[in-house]
Structures are given as structure tokens and as C-alpha cells.
Amino acid sequence: MDLNTVAAIRQARERADLALAPGEAILGGGSWLFSEPQNHLIGLVDLTTMGWASIEVTESGLSIAATCTFTELSRFELSASAPAWAAVPLLRQCCTALLGSFKIWHAATVGGNICLALPAGPMTSLGAALDAEALIWMPDGRDRRVRVLDFVTGVESTVLQPGEVLRSIEIPTRTLTSRTGFRKIALSPLGRSGTVVIARLDTDGGFAVTVSGGTDRPVQLSFDALPTAGELATRVHGIDNWYDDAHGAPDWRRAMSAHLAEQLRTELAVTA
Ligand SMILES: Cc1cc2nc3c(=O)[nH]c(=O)nc-3n(C[C@H](O)[C@H](O)[C@H](O)COP(=O)(O)OP(=O)(O)OC[C@H]3O[C@@H](n4cnc5c(N)ncnc54)[C@H](O)[C@@H]3O)c2cc1C
């Protein structure tokens, strides 16, 4: 939709261009910004013109730029530069939890998804499940890092302070080499996620289940080794921030999360 109060869109080319004037906001892919009135905004600063490489294999793992689109991320596992890390298929699996057309997938960015901080934000699910760090650019020129697990603090609420920009998320090799499992359920075939459950079995035997979508912010349950069914169920039922909206009641989300977590525990228990 037209944003009638927005008089200008600045194209950012360097970090200094990201200094926001009053009434300006960062523009990622715009798939949410242009979907509803933004009467408090008079300007947008386009982040996609920064020219950041979308996905980089680094010495410590994978760096995914905030401007990386769903389309680019979903294709990474097919690219020649993708290392044979066991967790790579999870990148595409998480993209599929956003049921948008190809137009949305071409526009929507990893950073926009995490900064919007909807409970059903699949990039938050991805980053939280793989212990990614969010690299945040502060307006005074300094950087800070926060675990993606801690970045979203509630519904449409994050740790970002005014003027801060999410630059990238960085996934460590430690979790990229883990075996992972993914489950998503919704009330209707094309519905928004009622809950997303991701399990991770690390090479040192550690096990983690991350629940998002069903909760108002992501929750990770960690174990030193594969838990028993009872141990896992107790921990899932102990989660106390189930989300309640048209996409699922809290008791349904709790029951489905426990059910899907148990499926994943069983799946990952099988030696590859
Ligand atoms: C059909 C459809 C289905 C959708 N389904 C889902 C869904 O299942 N789950 C879900 O979470 N969302 C969903 N959305 C909402 C939205 O499209 C996505 O969350 C998308 O990923 C947002 O990314 P974007 O780059 O388009 O963000 P934008 O619209 O550009 O920005 C979103 C917000 O984040 C801020 N922002 C963007 N990038 C940064 C950055 N790097 N640093 C700081 N702030 C930033 C913007 O200022 C804005 O406030 C859906 C939208 C549509 C149209």
C-alpha cells in the first residue's frame, strides 16, 4: 500500500547513512512496512543498497546479512559454496515457515523478519535454534552482539535501542555441524505457524529443543545428552509464555509443541 506520510526514501551506501532522523525508519524488504499504515513515519532508509554479501562462509561459521532475502537463504544449500554441514537444510526449512508468495520471499529479509519480532518469525526460530549471534550496529559507531535467542523479548518487541540496526546474524560452526530436525504446525494448511519446534543434536551429544511461534518469544531447552521422553515432556510443559491469538490457543500450542518435540527426540535418537 502507499505510505502517504512518507515523503522520501534514502538509499544507504555507508554506515553514516544509517543515522536516522526523527520520523525515519529502516527499510528492509518492505513486505511488512508497506502492508499497513505507518502514519508515524515521514521517511525510510533503504538498507538493501548497502551492498552487503547475503551469505558468507567465515572461519567461525556462517554470516547471514540482515538484507539476505528468504529466496537467497532458501537456495544456499544448493549453492556451490555451501559446506556439507549437517544443519544446512534447516535454513530452507525455516524459510518454508513463512507462507508468502515468491514475491514476498524475494523481498522479505532475514533482518526485517527478526526485527519485526512476530512470534511466528521463522528467522528468529532459525537463529535461536542454532545459537546464532546478532551483530548490532549502534548509532555511535560501536557494535554489540546479542544471542538471537535473547533478541526478541516479546510480541513485536526486541532489544534494539533507537537508531540501532541489525547488521547480520552469525551462526557458529559448532551448531552448523549438529544434526537438526524441524517441525511446524498451523491451524490451517496455509496458516501462520501455531508453533515451530527445532531440535538439535550436537556432535558432543548435547541436545537442544527450541520452541517459537507457540510462545511470545523463543525458548530453548538444553540437555547435556538426549533426554528421556518424560524429561523432555516435563521441560516443554514447564514453558510459561505460550502465545494466545487467532493462530492457536495456548493449551493447543503447548500440546502440539510437546508432541512435535517428542517426534524430533525420537528422530534424532536414530543414528545416521
Ligand atoms: C503473505 C505474508 C505472510 C507473512 N507471514 C509471516 C510469517 O509467517 N511470519 C512472520 O514473522 N512474518 C510474516 N509476514 C510479515 C513480513 O513480511 C515478514 O516478517 C518479513 O520477513 C519482514 O521482512 P522485511 O525485510 O520485508 O521487513 P520490513 O517490512 O522492511 O521491516 C520490518 C520492520 O523491521 C525493521 N527493520 C528491517 N530491517 C531492519 C534491520 N536490519 N535493523 C533494524 N530494523 C530493521 C523495519 O524498520 C520495520 O519496522 C508475512 C507477510 C506477508 C505479506
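Residues numbered from 1 in each chain as written. Predicted model: local features only at pLDDT ≥ 70, side-chain atom pairs only at ≥ 80, totals over all residues. Heavy atoms only, no water.

By the naming in an unreviewed UniProt entry, the chain goes by FAD-binding molybdopterin dehydrogenase and is assigned to Marisediminicola antarctica.

Caption draft 1: Representation of the UniProt feature "domain: FAD-binding PCMH-type" (unreviewed entry) in the chain. UniProt records the feature "domain: FAD-binding PCMH-type" (unreviewed entry) for residues 1-176 in the present numbering. Across residues 1-176, helical content stands at 24% and strand content at 25%; the span's end C-alpha atoms are separated by 39 Å. (UniProt positions renumbered as here; feature names shortened; annotations may be inferred. Helix = DSSP H or I, 4+ residues; strand = E, 2+ residues; numbered from the N terminus.)

Caption draft 2: The arrangement of the site of the ligand in detail. Around the ligand, 29 residues are found, and the nearest of them are Ile26, Gly29, Gly30, Ser31 and Thr109. In this structure, an oxygen atom belonging to the ligand sits 3.0 Å away from a side-chain N or O atom of Asn113. Coverage of the ligand by the protein chains reaches 87% of its 970 Å² of free accessible surface. The set of elements that each furnish at least two residues to the shell around the ligand consists of strand 2 (24-27), helix 4 (110-116) and strand 10 (165-172). Ranked by residue count, the leading element in the shell around the ligand is helix 4, at 5 residues. (Near = heavy atom within 4 Å. Polar contact = N/O pair within 3.5 Å; in protein donor to acceptor, adjacent residues only side chain to side chain. Areas by Shrake-Rupley, 256 points an atom, 1.4 Å probe, with all protein chains shown as cover.)

Caption draft 3: Structural context of the nonpolar core. With 50 residues, the main nonpolar core has Leu73 and Met123 as its most contacted residues. If we skip the residues at most four places from it in the chain, Leu73 touches Ile55, Ile64, Cys68, Leu91, Cys95, Val110, Met123 and Leu126. (Core = buried A, V, L, I, M, F, W, Y, C linked by side-chain atoms within 4.5 Å. Buried < 20%, exposed > 50% of the residue type's maximum accessible area, 1.4 Å probe, protein only. Contact = heavy atoms within 4.5 Å.)

Caption draft 4: How the structure looks around the pattern of salt bridges. According to the stated counting rule, one finds 14 salt bridges in the structure shown. The shortest N-O distance in the salt bridge between Asp202 and Arg200 comes to 2.8 Å. Residue classification places Asp202 among the buried residues on the basis of a relative accessible area of 12%. Under the relative-accessibility criterion, Arg200 is labelled buried at 4%. Through salt bridges with shared partners, one network takes in Asp131, Arg174, Arg200 and Asp202. (Salt bridge = Lys/Arg side-chain N within 4 Å of Asp/Glu carboxyl O.)

Caption draft 5: Just the sheet that holds strand 14 (residues 219-223), in detail. Taken together, 4 strands build an open sheet; the order of strands is 11-12-13-14 and the sheet is antiparallel. What marks the edges here is a single partner per strand, and that holds for strand 11 (179-185) and strand 14. Across the sheet, the mean angle from the axis of one strand to that of its neighbour is 10 degrees, orientation sign disregarded. Sheet analysis places strand 11 next to strand 12 (residues 195-201), joined by 7 bridges and oriented antiparallel. Across the sheet, the residue bridging to Arg183 is Val197, located in strand 12. Packing of helix 8 (residues 229-237) onto the sheet brings it into contact with strand 13 (207-212) and strand 14, and relative to strand 14 it is tilted by some 155 degrees. Those strands touched by helix 9 (residues 250-269) are strand 11, strand 12 and strand 13, and its axis lies near 150 degrees from that of strand 11. (Pairing = 2+ DSSP bridges. Axes fitted to C-alpha atoms, helices over the stretch in contact; angles between N-to-C directions.)

Caption draft 6: Highlighting the packing of aromatic side chains. The tally for this structure, following the rule as stated, stands at 3 aromatic pairs. Centre to centre, the rings of Trp52 and Trp137 are 5.5 Å apart; their planes meet at 85 degrees, and the pair counts as edge-to-face. Linking Trp52 in the loop between strand 3 (43-46) and strand 4 (55-58) with Trp137 in strand 6 (residues 133-137), this pair joins segments that are 85 residues apart in sequence. Relative accessible area serves as the criterion here: at 13%, Trp52 is assigned to the buried category. For Trp137, a relative accessible area of 13% corresponds to the buried category. Centroid distance Phe207 to Phe223: 6.1 Å. Interplanar angle 45 degrees. Geometry classified as tilted. Here Phe207, found in strand 13, pairs with Phe223, found in strand 14; they are 16 residues apart in sequence, far enough to count as distant. The side chain of Arg167 reaches across the aromatic face of Trp52, ending 4.0 Å from its centre. It is Arg235 that lies over the ring of Phe223; its NZ or CZ is 4.8 Å from the centre. (Phe/Tyr/Trp six-rings, centres within 6.5 Å; stacked < 30°, edge-to-face > 60°. Lys NZ or Arg CZ within 6 Å of the ring centre and 35° of its normal.)

Caption draft 7: Molecular detail of the sheet that holds strand 3. The strand order across the open sheet built from 3 strands is 1-3-2, with neighbouring strands paired in parallel fashion. Strands at the two margins of the open sheet, each flanked by one partner only, are strand 1 (8-11) and strand 2. Taking each pair of neighbouring strands and ignoring which way they run, the sheet shows an average axis angle of 25 degrees. With 4 bridges connecting them, strand 1 and strand 3 associate as parallel partners. Each residue of the ladder has a partner; that of Gln11, found in strand 3, is Asp46.

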